[in-house]
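Chain and residue survey
Each chain, letter by letter, is given below.
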Amino acid sequence: MSKNVNFPGGQFEIISFQGALSVVKTGRKVYRLSSPKQFIVMMDGMELEANSAMTMQGRVNDKTAKFVGKDTAISTKPYLVMYDRSTNEWHIGWTPSQEDLFALDWEEYIDPAEVQ
């Protein structure tokens, strides 16, 4: 679901959470107009070799190995993260609130630095 809405900064295409999730699944960023300093992205799942593997590329780090064992490889599913531009912090494993699920102020986030 989307609709165009006029705001003081211009016209925006507003999308529902379902629409925002569809955008995120294509590798793009979304945000809510009510939270312009935060955006949501999807991180791909990954396979990591055990900490004891001889390679330094793509292996379980020491912190994780402490909990899963140094000889255990891990696999993750895709997950959502939120980036807060005001604090420069990633919030891993972001989950939407009830308000986020029903909000109609989602929009694709376009980083001005990425616009050619």
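What counts and what doesn't
- Residues numbered from 1 in each chain as written.
- Predicted model: local features only at pLDDT ≥ 70, side-chain atom pairs only at ≥ 80, totals over all residues.
- Heavy atoms only, no water.
- Helix = DSSP H or I, 4+ residues; strand = E, 2+ residues; numbered from the N terminus.
- Contact = heavy atoms within 4.5 Å.
- Areas by Shrake-Rupley, 256 points an atom, 1.4 Å probe, with all protein chains shown as cover.
- Core = buried A, V, L, I, M, F, W, Y, C linked by side-chain atoms within 4.5 Å.
- Buried < 20%, exposed > 50% of the residue type's maximum accessible area, 1.4 Å probe, protein only.
- Salt bridge = Lys/Arg side-chain N within 4 Å of Asp/Glu carboxyl O.
- Phe/Tyr/Trp six-rings, centres within 6.5 Å; stacked < 30°, edge-to-face > 60°.
- Lys NZ or Arg CZ within 6 Å of the ring centre and 35° of its normal.

Quick look at the overall build of the protein now. Within the protein one finds three helices and nine strands. Each helix and strand of the protein, ordered N terminal to C terminal, gives the series β-β-α-β-β-β-α-β-β-β-α-β. A fraction of 52% describes how many contacts in the protein between residues 6 or more apart in sequence connect residues 24 or more apart. Total accessible area on the protein stands at roughly 8100 Å², and carbon and sulfur atoms take up 53% of it.

Now for the nonpolar core. Within the largest apolar cluster, twelve residues are counted, these being I15, F17, A20, V23, V24, V30, I40, L80, M82, W94, A103 and W106. Sorting the residues of this core by element identifies helix 1 (17-24) and strand 7 (79-84) as the ones contributing at least two each. Counting residues per element, this core draws most heavily on helix 1, at four residues. If we ignore the near neighbours within four places in the chain, the residues touching I40 are V24, R28, K29, V30, L80, V81, M82, W94 and W106.

Our focus in this paragraph is the environment of E49. Here E49 is to be found in the loop between strand 5 (46-48) and helix 2 (62-68). In the structure, E49 is positioned 23 residues away from T72 in sequence and 7.5 Å away in space, judged by C-alpha atoms. Dropping the residues within four chain positions of it, E49 is found in contact with T55, G58, R59, V60 and A73.

This paragraph deals with the pattern of salt bridges. Enumeration over the complete set of coordinates arrives at four salt bridges. A salt bridge links E99 to R32, with the nearest nitrogen and oxygen atoms 3.6 Å apart. One end of the pair, E99, is in helix 3 (residues 98-102); the other, R32, is in strand 3 (residues 29-32), with 67 residues separating them in the sequence. Look at R32 and you get buried, because its relative accessible area is 9%.

This next bit is on the packing of aromatic side chains. What the rule picks out here adds up to seven aromatic pairs. Each ring, one from Y31 and one from Y109, has its centre 5.8 Å from the other, and the planes form 90°; the classification is edge-to-face. Of this pair, Y31 sits in strand 3 while Y109 sits in strand 9 (residues 106-109), and the two are 78 residues apart along the sequence. For Y109, a relative accessible area of 10% gives the class buried. Put simply, the rings of Y31, F39, Y83, W90 and Y109 pair up and form one aromatic cluster. Directly above the aromatic system of F39 lies the positively charged group of K29, at a separation of 4.7 Å from the ring centroid.

Moving on, we come to the environment of T95. By the secondary structure assignment, T95 is in the loop between strand 8 (89-92) and helix 3. Using a relative accessible area of 60% as the deciding quantity, one classes T95 as exposed. Taking the C-alpha atoms as reference points, T95 and M82, separated by 13 residues in sequence, lie 8.9 Å from one another.

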